[in-house]
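Chain by chain, the residues:
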2 protein chains.
Amino acid sequence: MNSSPSINAGAVAEHPAAMVPTLQARKQQLVRDAIWDAATGLFAEKGFDETTVDDIAQRAGVSRRSFFRYFSSKSDLMAQGIVNYGTDLTGAIDAFPRTHSLSEVFRGTVLQIAQQSAAHPRTRKIMEIAAKYPAARAAQLSRMAEVQDQVAEAFARRLRKGSEDDLTPSILAGLTISVLAVTFRSWFDQGQPDISAIADQIFATLGRLICDERQPDKQRS
Amino acid sequence: MNSSPSINAGAVAEHPAAMVPTLQARKQQLVRDAIWDAATGLFAEKGFDETTVDDIAQRAGVSRRSFFRYFSSKSDLMAQGIVNYGTDLTGAIDAFPRTHSLSEVFRGTVLQIAQQSAAHPRTRKIMEIAAKYPAARAAQLSRMAEVQDQVAEAFARRLRKGSEDDLTPSILAGLTISVLAVTFRSWFDQGQPDISAIADQIFATLGRLICDERQPDKQRS
DNA sequence: CTCTCCATGGCACCGAGTGCCAACGCAAAC
DNA sequence: GTTTGCGTTGGCACTCGGTGCCATGGAGAG
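Since the model is a prediction, treat every value here as computed from it, not as a measurement. (Residues numbered from 1 in each chain as written. Chains lettered and ligands numbered in written order. Predicted model: local features only at pLDDT ≥ 70, side-chain atom pairs only at ≥ 80, totals over all residues. Heavy atoms only, no water.)

Undergrad: What should I look at first to understand the packing of helix α4 (residues 74-95) of chain B against helix α5 (residues 102-118) of chain B in this one?
TA: Geometry of a packed helix pair, given as the angle between the helix axes and the separation of the axes. All names here are of chain B. The geometry of α4 relative to α5 is characterised by a closest axis approach of 9 Å and an angle of 135° between their N-to-C directions. It follows from the interaxial angle that α4 and α5 lie oblique. As for how α4 packs across α5, the hand of that crossing is right-handed. On α5, the residues touching Tyr85, Asp88, Leu89, Ala92 and Ile93 of α4 are Val105, Thr109, Gln112, Ile113, Gln116 and Ser117. (Axes fitted to C-alpha atoms, helices over the stretch in contact; angles between N-to-C directions. Helix = DSSP H or I, 4+ residues; strand = E, 2+ residues; numbered from the N terminus. Parallel < 35°, antiparallel > 145°, perpendicular 65-115°, else oblique. Left-handed = near helix turned anticlockwise from the far one by under 90°. Contact = heavy atoms within 4.5 Å.)

What follows is the structure in structure tokens.
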């Protein structure tokens, strides 16, 4: 779900010399991970609503006050994966060579992010919790708007046309998020390890649904 | 955004004889509307986070405790439109004659719900608040999962095949939600009154994006 | 050794949300 | 008219989420 093995904090590089994330930053990351592990563990054991912030802080070995220094809320913990996944998405879109068409970027990005996220153990842990507890699911969803907007902007960056109110980027963003969501869900529900195969199948279904109506010779489905 | 001119409460019909919603039920509906108006008014004036439940209750003329009897939370107020909009969607899908293909149902449903929602003044009011305050937007989003699941089930009902793990309904549900979201956003941002035209334009763009890659003779975009 | 910076912890405070109980209104039954 | 019963309401107390403020403590620079 996130590009780095640990949860990304805010800014990392302060001194341009020290690209190795400052001892200080790594200590913070350690605490951050400890809180994350404690929280997800408790969520899985006791449930999302039943787990209080005090529980998490106690298991992580920090004070309640410090918890809020690392995560702005309990929901933020669950949503963190989502926002990282947003930066991954925009990164992947931006990284595509300009020779590719928008549709190709769309397909390629979905494939890449799906594989990348499926490789992270945290992804499965988050999905387990989200599947069990609606409140946790809601916490993630509530941040999806930002991600979708970011993705739309990334697509818009490839569309240097002067057309201001072109809806193409927004549509592509919605498509990207939706297809990825279905992909993850299917990958999680049935234990199939090959997430690319699932994504391909979804692309095929999508094409069948949208395009079969457009051939004037073949009227009905 | 909702099929009835007033916000739907839970169950309405108790006695099969009295289809006119029981004097009691209508009184409840009155209070419910009063709270809703007070809340949205305050949200627009003071902001979503800045408005406390006490403020809403006081303006609506009920006690703080009663507020929570009608709406389970402040977020629930904003999300209420979304869930009604979910029942409208499933209703529209189910009402389609079985002679139509899934794609036709998809397009028809989006068109119908878009027009229907655009006709309601509440829709615009909700969108104004959601556009201004991210927290309100998040409150709506957090319930979108339920709606999407309901829509997926409605599509699945038309697919009486024994194929259990067919992803078609989920994909269609995601498509429906995404396209509607873009439609509403565009309709709201630019003041264009004809929402059907916007939806048609989006369908066209969608077809262009997905289908143009499938012709093997026309390689590049 | 001292001064400073920063992370941490503790405390007080406010708002959200819930359980519980008493009071009120209302309609049917006596 | 009075009584009985039911549903709605309001007030109270409590827990938990989240924030601002300040004191402490440790590590590094002078």
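Undergrad: Explain helix α8 (residues 144-157) of chain A here, please?
TA: The α-helix advances 3.6 residues per turn, and as a result positions three or four apart in sequence lie on the same side. The end-to-end C-alpha distance of α8 of chain A is 20 Å, a good match for the 20 Å that 14 residues give at a rise of 1.5 Å each. Among the residues of α8 of chain A, those classed as buried are Met144, Ala145, Val147, Val151, Ala152, Ala154 and Phe155 of chain A. The secondary structure elements touched by the buried residues of α8 of chain A are α4 (74-95), α5 (102-118), α7 (134-141) and α9 (168-189) of chain A together with α7 (134-141) of chain B. (Expected span 1.5 Å × (residues − 1). Buried < 20%, exposed > 50% of the residue type's maximum accessible area, 1.4 Å probe, protein only.)

Undergrad: Explanation requested: the interface of chain A and chain B in the structure shown.
TA: Bring the parts together and some accessible area is lost; that lost area is often taken as the interface size. On the chain B side, the residues contacting the 39 residues of chain A number 39 residues. The interface formed by chain A and chain B holds zero salt bridges in total. Elements represented by at least two residues in the side of chain A that touches chain B include exactly α5, α7, α8, α9 and α10 (195-211) of chain A. Per-element tally for the side of chain A that touches chain B: the top contributor is α10 of chain A, with ten residues. Residues that form the side of chain A that touches chain B fall into these classes: 16 nonpolar, 14 polar and nine charged. (Salt bridge = Lys/Arg side-chain N within 4 Å of Asp/Glu carboxyl O. Nonpolar A, V, L, I, M, F, W, Y, C, P; charged D, E, K, R; others polar.)

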